[in-house]
Structures are given as C-alpha cells and as structure tokens.
Amino acid sequence: MNWLLERFVSRLVRKGKLSITDAAGKLRVFGDGSGDPVHIVIHTAAAERAIAIDPTLAVPERYMDGEIDIVEGDLLSFLQLVYSNMDETGSQLFLVKLGEALRHPFRRLQQWNTAARAKRNVHRHYDLSEELYRLFLDKDMQYSCAYFETPEVSLEEAQRAKKRHIMAKLALERGQKVLDIGCGWGGLGLDIARQFDANVLGVTLSEEQHRVASSRAREQKLSNKARFEIVDYRSLKGPFDRIVSVGMFEHVGINHYRTFFDQSARLLADDGVMLLHTIGRSAPPAATNAFIRKYIFPGGYIPALSEVMPAIERSGLIVTDVEILRLHYAETLKHWQARFQKNRARAVEIYDERFARMWEFYLAGSEASFRWQEMVVFQIQLTKKRETLPVTRAYIGETEKQLADADGKGSGKFTQAAE
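We now turn to the structure provided with this report.

Parameters and conventions
- Residues numbered from 1 in each chain as written.
- Predicted model: local features only at pLDDT ≥ 70, side-chain atom pairs only at ≥ 80, totals over all residues.
- Heavy atoms only, no water.
- Axes fitted to C-alpha atoms, helices over the stretch in contact; angles between N-to-C directions.
- Helix = DSSP H or I, 4+ residues; strand = E, 2+ residues; numbered from the N terminus.
- Parallel < 35°, antiparallel > 145°, perpendicular 65-115°, else oblique.
- Left-handed = near helix turned anticlockwise from the far one by under 90°.
- Contact = heavy atoms within 4.5 Å.
- Nonpolar A, V, L, I, M, F, W, Y, C, P; charged D, E, K, R; others polar.
- Salt bridge = Lys/Arg side-chain N within 4 Å of Asp/Glu carboxyl O.
- Buried < 20%, exposed > 50% of the residue type's maximum accessible area, 1.4 Å probe, protein only.
- Pairing = 2+ DSSP bridges.

What about the packing of helix 15 (residues 328-342) against helix 17 (residues 353-372)?
Here is step 1: Between helix 15 and helix 17, the shortest axis-to-axis distance is 8 Å and the interhelical angle comes to 160 degrees. When the interaxial angle is binned, helix 15 and helix 17 end up roughly antiparallel. Helix-helix and strand crossings are classified by hand; for helix 15 and helix 17 the assignment is left-handed. Contacts between helix 15 and helix 17 involve Tyr329, Ala330, Glu331, Leu333, Lys334, Trp336, Gln337, Phe340 and Gln341 on the former and, on the latter, Ala356, Trp359, Glu360, Leu363, Ala364, Ser366, Glu367, Phe370 and Arg371.
Here is step 2: In the contact of helix 15 with helix 17, the residues fall into 10 nonpolar, three polar and five charged.

Right under this line is the structure:
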C-alpha cells in the first residue's frame, strides 16, 4: 500500500474496523475492531496515490471508475465509519485540512453564476433523462427534502406533507399571484394553483423540467392557472403576492446573494410573503465538496446561515420565521437510494455503469452528510411588513391540518384560507 495512504488511514481510523485490500492484494486492517466491519478493495496503485493526495475527491472519483469496490458493508456504512472517526481526529488531519485550505480561496470564482453560466450549470444536472429521476423520486417528482411527520410514513406522504408545510407558511389566500423560483417539475406550483385557485408562474432554467411541468399543467387542466417558463429570476417583473423557492438557492452562489434578495424584495408585494427552502450548513462557511462541485452541481454552494442573513437584511426584507429541518433530508435520501438501487439496472441502460456508480455515491454521500455531518435545511419566511402574518405560529399547524383534510377527502381544494 502507498505509504502516505497507509499513514493517513491509520491516523484517521481509530474506531471501528476498516479492512483494505490494496492493489498488490495485501490486506491491512485499521481501527479497534468495534462495530460493523467494512472492507474495501483498491484495484490500482494509481487509485492509492490519488486517494493519498486528495481523498475527498479521489475516493468518489475512483469508485465511479471501478478502481474501488466495497466487498463488505456498503457506501453508507463506509462513510459512517469515516465520519465518526473524523469527529474524533478528522479536523486535525493534514490532508483534509490542506484540501479545504486550497479550495476555500477559489469558492467565489467557482460560484460566479451569471445568467448564461447558471443555465449551463442547470443543464448539467436537471436536463438529464426524465426517466432517470422517475427511477427514484416520488410520483410527484419532488426533488427536495421531504417532511417526515412520523418516521414510518411513505416518501409520497412525506413529500405531500412538505408541500403542505410550505403552503401553510406562505399563508396563501384564494386567487393570489404566486411566483415559484426554481419550480422543478411543477408539483408544488400545480398544487398551489389547484388548492388556492391561484395564478402561479413557475420559472426554471431546465428544458426538461419546463417540458414536464407544462405537460402536467395541460394534463391536469390547470394551464389557465399555472404556467411555466424558462427564464432567469433576475429578469422578472412583479409584484407577486407570494414567492416560494424550493431547492434553487443552492445554485445561486454566494456572489449573487445580494442580487437574489434585492430582486425578491422588488418582486414581492408590500403585503406579500416569501418562503425560501434551501440546504444549508450548521457549521461555519466552507468550500463546496469537490466531488459534488465537479460531477453533480457545478456552480453550487451550500451556505451557512451567517452568509444568508446579511443579504436579507440589506434587501429590506424582514425575517419572520426560521426553521431548521435536520434529519428530514437524510430520511428522504434513504428512500431515494433504496429506489435507485431497486432500479439500478435501468439507470445503467439509460447511461452506463460509471454514471450509476457516480449517482449512488452522490446519494449515499448526501445522506451521510445530513446524517453525520453539518448539512441541514433552512426554511426562511420573509415579509416586508412585520404585521403581515399572525403573531404566533399556530396558523401554520392549523392550515396544514386543513390541507391534509382536503387531501384526505380527495377534493384538492383548500376551503378555508389561513387567517
């Protein structure tokens, strides 16, 4: 085994049991032998060298290329072993600290998301095959954190609960004009249009998402109420009574936070409400994970709350509620990974084995980051006037219950507006 890699792993893995078969076929065992064992095989000396130099990028990259296999345990148990040991020693490991230090100065450059660059970045991820996403998402194609009111609910119900939670926080009233920034495949916008008889504009930069969302609006006979356009939010004109953005802010980039909130303030009516739902970090600011930035979300960035609040404060918007969803996304990703594995053969047919391995590392790595690292979800509610919303949060639960009752009755209509 590469001597630098051996030294790195021996310093990292103090607890648990990690077995590594190296490129020469030799077996080394690290840790104190406790817990569930994990055994990986590194097939090439090049992979050993790469992991020794830059483990954060090289481990997923070499796994994608088939130069690493896990023969005992799985990706998630491997990541759990690594992260649990990093809690003990990881912050002091030279290679980890060096990688972070080298990437941090370039994070603003990597997030310079002009309108043209933002569209290219979106195309890289969201214009993949619609069928691929249907392999692992719920029927409504919600590609963001679900809301598990109880642990045993299905993914479909948890995603419906997420939409109810968001709609309740928007304090929607019938017939309002609603903007959905980063509308995905249209599920939330269509529900708002149907249940509140609202006029919804959903905007996206993805050709595939626009096609699917528009088709769904036609199929559900909601085209007169919900329309979807390929347009950058920066070019829109308001006002809108309500603005919602779910899973889009991660693609804005720290350089553009002031622009995002200044534009949101211009677009929001004086008595309007905005709800921002975004992945965030509970730790201080850091650079984007190298694997995620290179292969999954180019231009993406996960902010700390301390990076978001100054831009909101300068925009003139008022923060009226902040909720942190902690383990909900870990559970969401657990469901996605299980569904992806069930349909993995089809994913290989659509793309290839390398893509399937990349995607399963992305899902497992994301679940691990929400379960054992600092990733969380922020839901930030915003208004222009402090008196716009009720003075307690009771209306949120009451509205959710009314929406759930409407779902249970199959009416699809919200019959009592939030007060």
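So, next bit.
Topic: the pattern of salt bridges
Here is step 1: Enumeration over the complete set of coordinates arrives at 32 salt bridges.
Here is step 2: Residue Asp65 pairs with Arg354 through a salt bridge whose shortest N-O separation is 2.6 Å. Of the two residues, Asp65 sits in the loop between helix 3 (55-64) and strand 4 (68-72) while Arg354 sits in helix 17, which places them 289 residues apart along the sequence.
Here is step 3: Exposure remark for Asp65: the relative accessible area of 37% places this residue in the partly exposed category.
Here is step 4: The partner of Arg371 in a salt bridge is Glu331, with the nearest N and O atoms 3.0 Å apart. Here the residue Arg371 occupies a position in helix 17, and Glu331 occupies one in helix 15, the gap between them amounting to 40 residues.

A closer look at the sheet that holds strand 9 (residues 268-281)
Here is step 1: Spatially, the seven strands line up as an open sheet ordered 7-6-5-8-9-11-10, and their pairing is mixed. Each of the sheet's edge strands pairs with one partner strand only, and the pair in question is strand 7 (226-230) and strand 10 (318-325). Across the sheet, the mean angle from the axis of one strand to that of its neighbour is 15 degrees, orientation sign disregarded.
Here is step 2: The pairing of strand 5 (residues 177-181) with strand 6 (residues 199-204) spans five bridges and is parallel. Counterpart to Lys177 in the pairing with strand 6 is Asn199.

Remarks on unusual backbone geometry
Here is step 1: Of note, the amide linkage connecting Gly238 to Pro239 takes the cis form, showing an omega dihedral of 0 degrees.
Here is step 2: Along the polypeptide, Pro239 turns up in the loop between strand 7 and strand 8 (240-246).
Here is step 3: With a phi close to 60 degrees, Met141 is a non-glycine residue in the positive phi region.
Here is step 4: Structurally, Met141 is set in the loop between helix 8 (130-134) and helix 9 (155-170).
Here is step 5: On the accessibility criterion, Met141 (3% relative accessible area) is buried.
Here is step 6: Phi is positive for Lys221, which is not a glycine, with a value near 55 degrees.
Here is step 7: Tracing the backbone shows Lys221 in the loop between helix 11 (207-219) and strand 7.
Here is step 8: The class of Lys221 is exposed, set by a relative accessible area of 71%.

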